[in-house]
Amino acid sequence: MVLKLLVIVVKKYRIPFIFLAAWCTVAMVSGQDAGSGIVAFKNVRLIPMTSDKVMENQTVLVRGDRIFRVGSAEHLEIPKEAVIVDGTGKYLMPGLADMHVHLVSKTWETPEANMFLANGVTTIRDLTQGTGAMSIKKWCEDFRSKKRLGPVTYNAWTIWGTEHNIAEIIPACKRNRYDCIKIDDYITKKDFYETVRRGRDSGIYIAGHIPYTVNVDDVISAGMDELTHVELFPVVLASNLIQGNKDKMPREKLDEEVITNAFKLLEPVSRQNSPSYIDSLHRMLDREIGKLKGKNITVITTLVADEILALKYNDTLKLKSKPQNKYLPGKFWDDLRKGKDKNSYFIGHEKCADVFYDLVVYAFGELKKNDIPLVAGTDAATILGIVPGFSLHDELQLLVKAGFSPYEAIRSATHDASQVIKKMTGEDDFGTIETDKRADLILLDRNPLEDISSIRRPAGVMASGVWLPEEKLIQLLEVKRKLAYSVLQEVMAKTNSADSVIGEYKRLSANNDLNEYFLNEYSLTSVGYDLLIKNKLDDAIKILSFNAGEYPYASNPYYFLGEAYWAKDDKKTAAGYFKKALSFDPNYDPAIKALRR
Ligand SMILES: [Zn+2]
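Residues numbered from 1 in each chain as written. Predicted model: local features only at pLDDT ≥ 70, side-chain atom pairs only at ≥ 80, totals over all residues.

### Concerning the overall build of the protein chain
- Scanning the protein chain from terminus to terminus reveals 25 helices and 18 strands.
- Radius of gyration (C-alpha) of the protein chain: 25 Å, near the 25 Å computed for a compact globule of 597 residues.
- With the principal axes as the frame, the protein chain shows a C-alpha extent of 70 × 70 × 50 Å.
- Scored against the burial criterion, the 597 residues of the protein chain give a buried share of 49%.
- Sequence-distant contacts, at least 24 apart, represent 72% of the contacts inside the protein chain between residues at least 6 apart. (Helix = DSSP H or I, 4+ residues; strand = E, 2+ residues; numbered from the N terminus. Rg over C-alpha atoms; globule rule 2.2 N^0.38 Å. Buried ≥ 20, exposed ≤ 12 C-beta atoms within 10 Å, placed from the backbone. Contact = placed C-beta atoms within 7 Å.)

Have a look at this one:
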């Protein structure tokens, strides 16, 4: 299946050879010597997010990627060598965090990382990496080391629920140092309990959905740390209605049952809008949400995902009027027009999408009333129409509309997000403006505590100590991304030399500080694979070995290395690589099958 997938990927994205524009380095982007320079934000109105107070006339000094001094502008001495950012009349707040994103789709023409930073989103948590998605951990490392500009990225290993080797996942996550686990919809109840127990025993933070096979009581008694959407509460009302042995139901059947039950619950509202019926739905939500009180389970908001769902089916004009939609891939509108959108089961039940959103907002209010920790996230970057970075501003506005004060909304995307990361990793690193915290900052013209929309257009953003003034933020949004593997395949076709391909890869990778190239594990695996099927085994091995070093957490390069050695009749080496592929992903089917062979 992986073989087939590669061929499709390679064919679909063949684009002409394009020479690299001469981009400046990260150090030049920052206008400072990244790493050692001092930047002084002089005379700002500080919103440190340690309380809801604004502190007048403050100076913040940054050295390297850390805040190293905060104090009154009158008394705090600014070192002579410091680069000064005049903050007079401006506000300085911590960078924002989006705790639910998916860095998965190469269909975004503007790099996701650039859109996050341009919007002041300096921290993200990706919930995608898992079987089939293998490059994200490497991207996190690139951002951290400032090889490329990007938000600090934490990442989960996702358990889709369709894996057969569930027991080996937790040890693999521990070994490969993932920050947390995300559990998706389809895991069986038995595997759910088993996975959460193993995760807890290994000290791994467990986030995720309420799988269709379990209920809120199971989430609590198993001991999950986090639920990744508010919408899970209306959804659980539908999954609770499924009859029969859910562990035995195939994935499609579970989907079908949940959707049918959801419309059974929602349709009466969309038809007659009877207050007593709506009230009965609210009481059902109250019961489920009340169970979480005092259980220390965090819920990620993602209201914007449900708002967009409602707009897609009931108000496309309003959806189209969102200014950030110019960044949406054409595929999003095509899918929507053709009824191929992921949520297309709403066709014929359009009003239900509005009713569903109202229930999500109600659930949010109820969670707030029960003091359940609520942390901002958006589900950005999937093909669902949620534009990275911009979506967090939508989210903050929706949170305020749903009952948060602007301070509470900002806190959910700064301090409170940092406390989730602390629980995951032990690091208490960001989310407030205090000495020793990471220098993630947003400079604003207006006070966001008065008007949450003031954060939308920053006068500048600092990301891990790299200062990005407004012009630079605009430039980041102008980058049009190209797919590296088409370039690499052209080089192969022209030169017929594995060394030239590797050389070109290195060149692209070294000049990719503004994320101009979409580089992932496939970039070179696809070339290696082509060589493999042409039986040019030594060249294939050269490229795949190099690639395995570049993407040490990806199974694909090791698997194809194994195939190349197998073709050379070196079965022992081949088996070693198949096993290596499985050490990163115990459920990587091609390697399992190869070892059986
Ligand atoms: Zn998600």
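### Quick look at the packing of helix H20 (residues 498-510) against helix H22 (residues 537-550)
- Two elements in contact, H20 and H22, have axes whose closest approach is 9 Å; the angle formed by their N-to-C orientations is 20°. When the axes of H20 and H22 are compared, the pair comes out roughly parallel. The way H20 lies across H22 gives a crossing that is right-handed. Two secondary-structure elements touch here, H20 through Ala-498, Val-501 and Ile-502 and H22 through Asp-539, Lys-542, Ile-543 and Phe-546. (Axes fitted to C-alpha atoms, helices over the stretch in contact; angles between N-to-C directions. Parallel < 35°, antiparallel > 145°, perpendicular 65-115°, else oblique. Left-handed = near helix turned anticlockwise from the far one by under 90°.)

### Quick look at the nonpolar core
- One finds Val-60, Leu-92, Leu-117, Ile-181 and Ala-363 to be the most contacted residues of the largest nonpolar core, which totals 138 residues.
- In terms of residue count, helix H14 (residues 350-369) provides more of this core than any other element does, 11 residues in total.
- Among the domains, domain 2 (31-94 + 436-478) and domain 3 (96-425) are the pair contributing at least three residues each to this core.
- Excluding residues within four positions of it along the chain, Leu-92 makes contact with Phe-41, Val-44, Leu-46, Ile-47, Val-60, Gly-87, Ile-433, Leu-441 and Leu-443. (Core = buried A, V, L, I, M, F, W, Y, C linked by C-beta atoms within 7 Å. Domains from an automatic or database assignment.)

### Digging into the sheet that holds strand E7 (residues 121-126)
- Pairing is parallel in the open sheet, where five strands are placed in the order E6-E7-E8-E9-E10. Whereas interior strands pair on both sides, the edge strands pair on one side only; in this sheet they are strand E6 (96-101) and strand E10 (205-208). Strand-to-strand, the axes of this sheet are offset by a mean angle of 30°, without reference to chain direction.
- Summarising the sheet, strand E9 (residues 180-183) and E10 pair through four bridges and their orientation is parallel. Bridge pairing in E10 links Lys-182 to Ala-207.
- In the packing of helix H4 (residues 136-144) onto the sheet, contacts are made with E7 and strand E8 (152-159), and the angle to E8 comes to roughly 170°. (Pairing = 2+ DSSP bridges.)

### Considerations on the packing of helix H21 (residues 521-533) against H22
- Where H21 contacts H22, the axes come no closer than 8 Å and their chain directions differ by 165°. Between H21 and H22, the angle falls in the class roughly antiparallel. Where H21 crosses over H22, the two elements pack in a sense that is left-handed. Contact residues: H21 offers Glu-521, Leu-524, Thr-525, Val-527, Gly-528, Leu-531 and Leu-532, while H22 offers Leu-537, Asp-539, Ala-540, Ile-543, Leu-544, Phe-546 and Asn-547.
- The residue makeup of the contact of H21 with H22, split by class, is nine nonpolar, three polar and two charged. (Nonpolar A, V, L, I, M, F, W, Y, C, P; charged D, E, K, R; others polar.)

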